[in-house]
Structures are given as structure tokens and as C-alpha cells.
Amino acid sequence: MANRRLLMAVLLQSLFGCQAAPRFSNGFLYHDIFNNNGNGEISFSGVQLHVESEQTSVFTSRGANATLPCHYWYQPALSAPRRTRVKWSWQPAGGGHEMDVLVAIGNRQRTFGGFRERVHLRQMSAGDVSLVILGLHLNDTGRFRCEVIDGLEDERVTIDLGLRGVVFPYQPHHGRYQLSFSKAQEACEEQGAVLATFDQLYTAWEEGLDWCNAGWLADGTVQYPITLPRVPCGGLGLAPGVRSYGARHRHLHRYDVFCFSSSLKGEVYYLPHPHRLNFTEAIHACQDDGAHIAKVGQLYAAWKFTGMDRCDSGWLADGSVRYPITYPRLNCGPLVPGVRSFGFPAPRHKHGVYCYRAEQASTCL
Ligand SMILES: *[C@@H]1O[C@H](CO)[C@@H](O)[C@H](O)[C@H]1NC(C)=O
Ligand SMILES: *[C@@H]1O[C@H](CO)[C@@H](O)[C@H](O)[C@H]1NC(C)=O
Ligand SMILES: *[C@@H]1O[C@H](CO)[C@@H](O)[C@H](O)[C@H]1NC(C)=O
């Protein structure tokens, strides 16, 4: 009982201490107290642990190094260092289980999963437990949690990591509504991309994406973005927006897909060539130029991030024929910027070709 009274004292004191809490601190969570294993940490009462991040979100690009800020301190300041445990975990943007990223006790650090070789704590000053992630992947986005645990106290903040990118609808060569969820994932990967998240599709819709075919998103829902309501796309009665069919059956149901690609290291270019090429010739022509035939996601990234503009139809790796327009003009498709598609012509047809050359020693694709 004495124990319990002491705990209440800690709790009350902390609740009042909370008022001065900085904006992005999440306040105090005391569930550990009530699961207390009686390890004698009670003497710690009266000291508050603060954990804070100066940013609630970090927005950067593929291949970059990201720093997710997080630091902690004690109030009043402690004279002797304490054995504090720091844990970073990650909730993928597309949903899925929360995963450990890094755990540190004193100077010992352990890292996990796909982040194993790529993360460390910044430790620039006392209490700096900012997470540094090297060489961001397209699928590293999501919500990161920085948690500091000191005996009884357990404080945390979350930081969202997003990537600048481009969302594009994708339909495979065998036509509309052919992809199960796992085939949709594969289709995006084959185009140098990943399944888009809802937030990414929503941003693309705000930027004007309008697409009348429903596609899978990373969370297993099926949605489509409409900026201009019209009869064949749900009718005139519905407001513009991202329309959702909700979660669909991942094996039984088939749709198109929305993929997400980000900026590239390397270059996409239209291959200068004396004559036009069939599909097999196009593949070889890029190889002869020390490059590869470009993927759909690479062409979209070049269009979005380098303003690529070329009014010549060209083969891409999936056997589709497209071209990127940044400055709309006559005879180059509709009067809005975009990547135009001719679908999947017969491989013997003659077109130009878009190639992709990775920067030397690039590890980003
Ligand atoms: C990321 O950090 C590593 C190691 O500190 C460095 O070698 C690399 O150049 C950095 N990359 C970028 C894109 O800044
Ligand atoms: C995330 O992307 C990296 C690099 O593109 C890949 O190696 C890894 O398998 C992907 N992870 C998941 C969970 O898809
Ligand atoms: C493309 O042309 C080459 C001859 O240059 C021919 O051997 C090849 O079969 C053609 N490929 C297709 C898919 O038509």
C-alpha cells in the first residue's frame, strides 16, 4: 500500500509537471508503473524524464540519409548518469506490424530487420538519441517511435517519415483489373516502384491525379482519385476525391494498382537512333549504349523530378510505349502535363526507346 501511495505521488507530480511540456512532447505515460515488477526504482520519484522531437515529420527523398530528431533530459538534472534504454520502432506506412529498428542500452546498440546495416543513433550531445537512416529505400516510409525507458518511466514521441515521389496508376499488358494484391506488389517492383500508400495517393490527387480505374494500395484497400466528377467514374453526384472500395480480398479480387516511385540516381533519356526499333531491338539498343531500357517508374520519376519533356513515343521495359510531357502542346497529347501511354503495342511495332543509366556505384535501385 505504501508503494501505491508513492506511485500516486509520482503520477500527480508528473501530471502537473506536464503543463510545461513542450509542444511535441506527448506527455507522460505511466503504464509501466502499474506493471511494476518491484525492482526498487521507486527512489526515482520526483525526477521527470522528458522526451522531445523538434519535428513531427521528416520529408526527404530516396537514397538520402535521414535524421529523425529525438532527445531526452531529466528534470531536475541528474548528477550521475542513469542506465537508460532507448528503443526506436517503426510502423510501415502501408500498415503491417510494428517492428523494432534499434535498441540501445548505454553504448551498446542493436539494430534489426531491413534497417540493420543502415541505422545508428546520432549522439551529438548528451541525450541526443536521434535516429540516422542511411540510403533511404522507397519502402522505409511510415511512423517511427522514439521511446526512452528508465526504470519506471517510459516516454515517447513519434515522427513520420515521408518521401517525395510520384504516384502512377499501372495496368499490366493483359489488361484492366487483372492483379491480385501480391501480383500488384510485384507489378510495382518490376517498374522500379512500390505500392503507393493512401497518403501518397491523396497527395497525388491534391496535385491533380485523376484516374478512373480502381487500384490496390499498400494497406490492401482499393481506391481511385477523381478530380473531375463524370458519368463513367461514379457519376456527377459524387464530389471530387479519393474514392474507396474499402479493403478487398487480397487473393480473390483483381484490380489495377497505384505505384509509388521517387527521385532517381542516374538518368533517363530518349536514345538517339537513326531509325525506329521493335521491342527486342529497343532492349538491345539501350544495352549497346551502356544502359538498360527504362522502367515505367523511372520514366515517371524523370518526368516529375527533372521535368523530362519529349514528344516521341518510346519503348519501356514492360513492353509499353509512353512519352513524358511537361510543357503540353499541340500533337503531344492532352493539354495537361503527364506521361502519355500507348498501352502495349505488338512487339514488332516500331518506336523510339527510353533508356536508364544508373549513376556509377548506385545502390538505390
Ligand atoms: C550518407 O552518409 C554516408 C555515411 O555517413 C555518406 O558516406 C554518404 O555520402 C551520405 N549520403 C548522402 C546522400 O548524403
Ligand atoms: C524494401 O526495399 C528494399 C530495397 O529496394 C528491399 O531490399 C526490401 O526487400 C524491401 N522490403 C520490403 C519489406 O519490401
Ligand atoms: C525485331 O527485329 C529483328 C531484326 O532486326 C528481328 O530479328 C526480331 O525478330 C524482331 N522482333 C520482333 C519482336 O518483331
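Residues numbered from 1 in each chain as written. Chains lettered and ligands numbered in written order. Predicted model: local features only at pLDDT ≥ 70, side-chain atom pairs only at ≥ 80, totals over all residues. Heavy atoms only, no water.

Q: How should I be thinking about the environment of Trp 216 in this particular structure?
A: Considering the arrangement of structural elements, one finds Trp 216 in strand S14 (residues 215–216). Each C-alpha atom of the pair Trp 216 and Cys 259 lies 8.7 Å from the other, and the pair is 43 residues apart in sequence. A distance of 2.8 Å separates the side chain of Trp 216 from the backbone oxygen of Leu 179, its partner in a polar contact. (Helix = DSSP H or I, 4+ residues; strand = E, 2+ residues; numbered from the N terminus. Polar contact = N/O pair within 3.5 Å; in protein donor to acceptor, adjacent residues only side chain to side chain.)

Q: Teacher, can you tell me more about the site of ligand 1 here?
A: Taken together, Gly 63, Asn 65 and Leu 134 make up the full set of residues near ligand 1. Side-chain polar atom of Asn 65 to an oxygen atom of ligand 1: 2.3 Å apart, as the coordinates give it. Surface burial for ligand 1 is 29%, taken as the share of its 360 Å² of free accessible area covered by protein chains. (Near = heavy atom within 4 Å. Areas by Shrake-Rupley, 256 points an atom, 1.4 Å probe, with all protein chains shown as cover.)

Q: Any chance you could explain the pattern of salt bridges here in plain terms?
A: When the charged atoms of two side chains with opposite charge come close together, those side chains can pair. Enumeration over the complete set of coordinates arrives at 18 salt bridges. For Asp 312, the salt bridge is made with Arg 310, and the minimal N-O distance between the two is 2.8 Å. The partner of Asp 318 in a salt bridge is Arg 322, with the nearest N and O atoms 3.9 Å apart. This pair shows no difference in class: Asp 318 is buried, exactly as Arg 322 is. It is possible to trace a salt-bridge network through shared partners that takes in Glu 98, Arg 145, Glu 147, Asp 154 and Arg 156. (Salt bridge = Lys/Arg side-chain N within 4 Å of Asp/Glu carboxyl O. Buried < 20%, exposed > 50% of the residue type's maximum accessible area, 1.4 Å probe, protein only.)

Q: Is there a simple way to explain the sheet that holds strand S9 (residues 131–133) in this structure?
A: Sheet strands pair by backbone hydrogen bonding; their relative direction is either parallel or antiparallel. Spatially, S3-S9-S8 is the arrangement adopted by the three strands of the open sheet, whose pairing is antiparallel. At either margin of the open sheet sits one strand with a lone partner, and together these are strand S3 (66–68) and strand S8 (119–121). Pairs of neighbouring strands in the sheet enclose a mean axial angle of 20°, with direction left out of account. Examined bridge by bridge, S3 and S9 share three bridges and lie antiparallel to one another. The partner of Leu 68 across the bridge, within S9, is Leu 131. (Pairing = 2+ DSSP bridges. Axes fitted to C-alpha atoms, helices over the stretch in contact; angles between N-to-C directions.)

Q: Would you mind showing me how to read the packing of aromatic side chains here?
A: Any aromatic ring pair is given by two values, namely how distant the centres are and how the planes are angled relative to each other. Counted under the stated rule, the structure contains 16 aromatic pairs. Their ring planes at 85° and their centres at 6.1 Å tell us that Tyr 72 and Tyr 74 sit as a pair that is edge-to-face. Assessed through its relative accessible area of 12%, Tyr 74 is described here as buried. With a centroid separation of 5.9 Å and 75° between ring planes, the pair formed by Tyr 224 and Tyr 245 is classed as edge-to-face. Here Tyr 224, found in strand S15 (residues 221–226), pairs with Tyr 245, found in strand S16 (residues 241–247); they are 21 residues apart in sequence, far enough to count as distant. One aromatic cluster is present, built from ring pairs that chain together Tyr 177, Phe 181, Trp 216, Tyr 224, Tyr 245 and Tyr 255. (Phe/Tyr/Trp six-rings, centres within 6.5 Å; stacked < 30°, edge-to-face > 60°.)

Q: In this structure, what is going on with unusual backbone geometry? I would like to understand it.
A: Working note: non-glycine residues mostly have negative phi, and peptide bonds are mostly trans. Of the consecutive residues Gln 75 and Pro 76, the connecting peptide bond is found in the cis state with omega at -5°. For Pro 76, the location among the structural elements is in the loop between strand S4 (71–75) and strand S5 (85–92). Located in the positive-phi region is Gln 123, a residue other than glycine, with phi close to 50°. Of note in the backbone geometry, Asn 331 takes a positive phi value of approximately 65° without being a glycine. You can see Asn 331 is positioned in the loop between strand S21 (321–325) and strand S22 (338–341).

Q: Can you walk me through the site of ligand 3 in this structure?
A: Around ligand 3, the structure places Asn 278, Thr 280, Glu 281, Pro 347 and Arg 348. In this structure, an oxygen atom belonging to ligand 3 sits 2.3 Å away from a side-chain N or O atom of Asn 278. Contact distances for ligand 3 include 2.9 Å between a nitrogen atom and a side-chain N or O atom of Thr 280. About the coverage of ligand 3: the protein hides 42% of its 360 Å² of free accessible area.

Q: Before we go on, may I ask you to explain helix H3 (residues 181–190) in this structure?
A: Each α-helix winds once per 3.6 residues, and so residues spaced three or four apart point in a common direction. Along H3, the residues that are buried comprise Phe 181, Ala 184, Ala 187 and Cys 188. An end-on view of H3 places all buried positions within 115° of arc, on one side of the element. The outward face of H3, more than 90 degrees from its buried face, is lined by the exposed residues Glu 189 and Glu 190. Gly 192 sits one or two residues past H3 and shows a positive phi near 70°. (Arc of directions from axis to C-beta.)

Q: Looking at this structure, how should I read the state of the cysteines?
A: Structurally, a disulfide amounts to a covalent bond that connects the sulfur atoms of two cysteines. Summed over all chains, the structure comprises five disulfides. One disulfide bridge connects Cys 70 with Cys 146, the sulfur atoms lying 2.0 Å from each other. One quick way to see it: the torsion about the S-S bond of Cys 70 and Cys 146 is about -70°, and its sign makes the bridge left-handed. Of the two residues, Cys 70 is situated in the loop between S3 and S4 and Cys 146 in strand S10 (residues 142–150); the sequence distance between them amounts to 76 residues. The class of Cys 70 is buried, set by a relative accessible area of 0%. In this structure Cys 146 comes out as buried when scored by relative accessible area, which is 0%. (Disulfide = S-S within 2.5 Å.)

What is shown is where atoms sit, not what they do.
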